[in-house]
Amino acid sequence: MTSVHIAGAGMVRFGKYDPAVTFETLAVDAARNALRDAGAHRRDIEAVFVGHVFGGPVAGQRVATDLGLGGRPVSNHENYCASGATALREAWMAIRAGLCDVALVIGAEKMTDRIKGGVTPDANDLDAQQGYVMTAGHALSARRYMHDHGATREQIAMVAVKNHAHSQHNPYAQYQRPVSLDEVVNARPIADPLGLLDCSPISDGAAAAVVCSAAGLKRLGLSVARPEVRAIGLVSGTLRAGLGDINEEDISRRAGLQAYDMAGIAPEDIDLVEMHDCFTIAEIVRLEGLGLVPKGQGAAWTAQGRTSIGGTLPVNPSGGLLSRGHPVGATGMAQVCELYWQLTGHAGQRQVDGARLGLAYCKGGTVSGTDGASVTTVVMSS
């Protein structure tokens, strides 16, 4: 099958926008930035794939119309936080199948006028009916991790310190200032032991990419090599019986293995990771689930600087969800944009030296009785 490449990437800054700034406005601006970066025109785009959660019916078609792309095949993809990466996977498969050579993929969300308070599962989900919110689940995860592995509250808090240190060099990040360990540990409590700075914010934003086959790159007149999307894994949660281990992360293990097998690589080949750090503890346990960090050592690795830029395995050079922001439908594509900039050497002061192979991970939603709803794993190489 043909290779698939990112020809150009574009974002808008994540943050909290005025109600007058619509979902469509954010998505169109990110798409135009990606088209400009790729040197592509509207006539070059053969299909549009849009990831979102709260955008409403046929949101992708509304965006395509505003972009002047009416008439093209347009599809909408909802996999909660993994929506943007799922849209990319659909474009990737379409190009590999020969259905098109140049596609536009957009992840977008306008959350601030739709979401108030904690994010919950669907109202029909049994956990939601019992009052479960995402923050509570991750607080349980943190407490169990500290008990099982001797990790400290300060070690877990260092995930936020690290990611905010990275985000101060990201012009698209919602927060662009460092935070101290003391600020994180003593922030307003949300769900013990997690405080405000352990939690990703409610955000608005959009990110996009022009995705091409080798023939598509040639059509766009791009003679310089562009990063290749080597693999995209997608798995869903499996039914669990009994109490189990809240930090087992079998869903992450399976998603990682799927991507590693597709790409023909091993975990130790990865140079950098864009991780779905919706909460500080999530970054730690998911890195371990992927086999990128030894089990029980993720908190220590973070505190030792091994997951910082310049460390053994840089994680979230963009600042991650904690500080770049987390407009859920846009997150997966924001991660892809960051990998694109890192692999082309255009990440500025947050550049990871020698970046050749990157992994982006998204985990979207929960389903009662399972170990998660959806996980995507994107592997890209320079």
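(A) Broad picture of the overall build of the chain. What the chain contains, in helices and strands, is 13 helices and eleven strands. Here the chain has a C-alpha radius of gyration of 19 Å; the compact-globule value for 382 residues is 21 Å, and the two agree. Counting only C-alpha atoms and orienting by the principal axes, one finds that the chain spans roughly 55 × 40 × 40 Å. Classification of the 382 residues of the chain by burial places 58% in the buried group.

(B) Region of the structure containing the packing of aromatic side chains. Across all of its chains, the model carries two aromatic pairs by this definition. An angle of 85° between the planes, with centres 6.2 Å apart, marks the rings of Phe-54 and Tyr-80 as edge-to-face. Here the residue Phe-54 occupies a position in the loop between strand E2 (47–51) and helix H2 (59–66), and Tyr-80 occupies one in the loop between strand E3 (74–77) and helix H3 (83–96), the gap between them amounting to 26 residues. With relative accessibility at 17%, the residue Tyr-80 sits in the buried group. Positioned above the aromatic ring of Trp-92, the side-chain terminus of Arg-96 is 4.4 Å from the ring centre. The ring of Trp-301 has Arg-306 sitting right over it, with the charged end atom 3.9 Å from the ring centre.

(C) Seen up close, helix H1 (residues 23–38). For H1, which comprises 16 residues, the first-to-last C-alpha distance of 23 Å matches the rise-based estimate of 22 Å (1.5 Å per residue) to within 8%. Within H1 the residues assigned to the buried category are Phe-23, Glu-24, Leu-26, Ala-27, Val-28, Ala-30, Ala-31, Ala-34, Leu-35 and Ala-38. On its buried face, H1 sits against strand E1 (4–11), H2, strand E4 (102–110) and strand E7 (204–213). Taken from the residues just after H1, Gly-39 is the one with a positive phi, measuring 70°.

(D) Looking closely at the environment of Leu-313. Mapping Leu-313 onto the fold places it in the loop between helix H11 (298–303) and helix H12 (320–324). Taking C-alpha positions, Leu-313 is 9.3 Å from Trp-301, a pair spaced twelve residues apart along the chain. Setting aside residues up to four positions removed in sequence, Leu-313 forms contacts with Ile-270, Asp-271, Leu-272, Val-273, Leu-292, Trp-301, Arg-306 and Thr-307.

(E) Fine view of the packing of helix H6 (residues 153–167) against helix H10 (residues 280–289). H10 packs onto H6 with a crossing angle of 100° between their chain directions and a minimal axis gap of 7 Å. As the angle between them shows, H6 and H10 are arranged roughly perpendicular. Contacts from Ile-156, Val-159, Ala-160, Lys-162 and Asn-163 of H6 reach H10 at Thr-280, Ile-281, Glu-283 and Ile-284. Of the residues belonging to the contact of H6 with H10, the class tally is five nonpolar, two polar and two charged.

(F) Just the nonpolar core, in detail. One finds Ile-6, Phe-49, Leu-88, Val-105, Val-211, Val-378 and Met-380 to be the most contacted residues of the largest nonpolar core, which totals 37 residues. Elements that contribute at least two residues to this core include exactly E1, E2, H3, E4, E7, strand E8 (228–236), helix H13 (328–343) and strand E11 (374–381). In this structure, this core is formed jointly by two domains, domain 1 (4–115 + 203–226) and domain 2 (126–199 + 231–381), each of which donates at least three residues. Among all residues touching Leu-88, those that are not within four sequence positions of it are Ile-6, Val-105, Val-211, Ile-232, Met-333, Val-336 and Val-378.

(G) Here's a closer look at unusual backbone geometry. Residue Pro-193 is bonded to the preceding Asp-192 through a cis peptide linkage, with omega at 10°. Mapped onto the elements of the fold, Pro-193 is located in the loop between strand E5 (189–191) and strand E6 (194–195). One non-glycine residue with positive phi stands out, namely Val-58, at about 40°. Within the secondary structure, Val-58 is located in the loop between E2 and H2. Even without being glycine, Asn-316 reaches a positive phi, approximately 60°.

The rules behind these values
Each chain has its residues counted from 1, running along the sequence as written. Under the rules for a predicted model, residues below a pLDDT of 70 receive no local features and side-chain atom pairs below 80 are neither given nor counted, while totals for whole chains, interfaces and linings still include all residues. Computation of side-chain values: all heavy atoms of the structure, hydrogens and water removed. Under the scheme used here, helices are H or I runs from DSSP no shorter than 4 residues and strands are E runs no shorter than 2 residues, and both carry numbers assigned from the N terminus. Radius of gyration: over C-alpha atoms. The globule rule applied is 2.2 Å multiplied by the number of residues raised to the 0.38 power. Exposure classes here rest on a 1.4 Å probe applied to the protein chains alone. A residue is buried below 20% of its type maximum, exposed above 50%, and partly exposed in between. Between the rings of Phe, Tyr and Trp (Trp by its six-membered ring), a pair exists once the centres lie within 6.5 Å; its type follows the angle of the planes, with under 30 degrees stacked, over 60 edge-to-face, and the other angles tilted. Look at NZ for Lys and CZ for Arg. If either is within 6 Å of the ring centre and within 35 degrees of the ring normal, a charge sits over the ring. The span expected for a helix works out to 1.5 Å for each residue beyond the first. Here, two residues are considered to be in contact whenever any of their heavy atoms come within 4.5 Å of each other. Axis definition: a line fitted to C-alpha atoms, limited for helices to the stretch in contact. Angles are taken between N-to-C directions and run from 0 to 180 degrees. Orientation is classified from the angle alone, with under 35 degrees giving roughly parallel, over 145 giving roughly antiparallel, 65 to 115 giving roughly perpendicular, and any other angle giving oblique. Residues are sorted three ways: Asp, Glu, Lys and Arg are charged, Ala, Val, Leu, Ile, Met, Phe, Trp, Tyr, Cys and Pro are nonpolar, and all the rest, Gly among them, are polar. Put simply, a nonpolar core is a bunch of buried Ala, Val, Leu, Ile, Met, Phe, Trp, Tyr and Cys residues held in one set by side-chain atoms that sit within 4.5 Å of each other. Domain start and end points were adopted from an automatic or database domain assignment.

Just distances and angles here, no functional claims.
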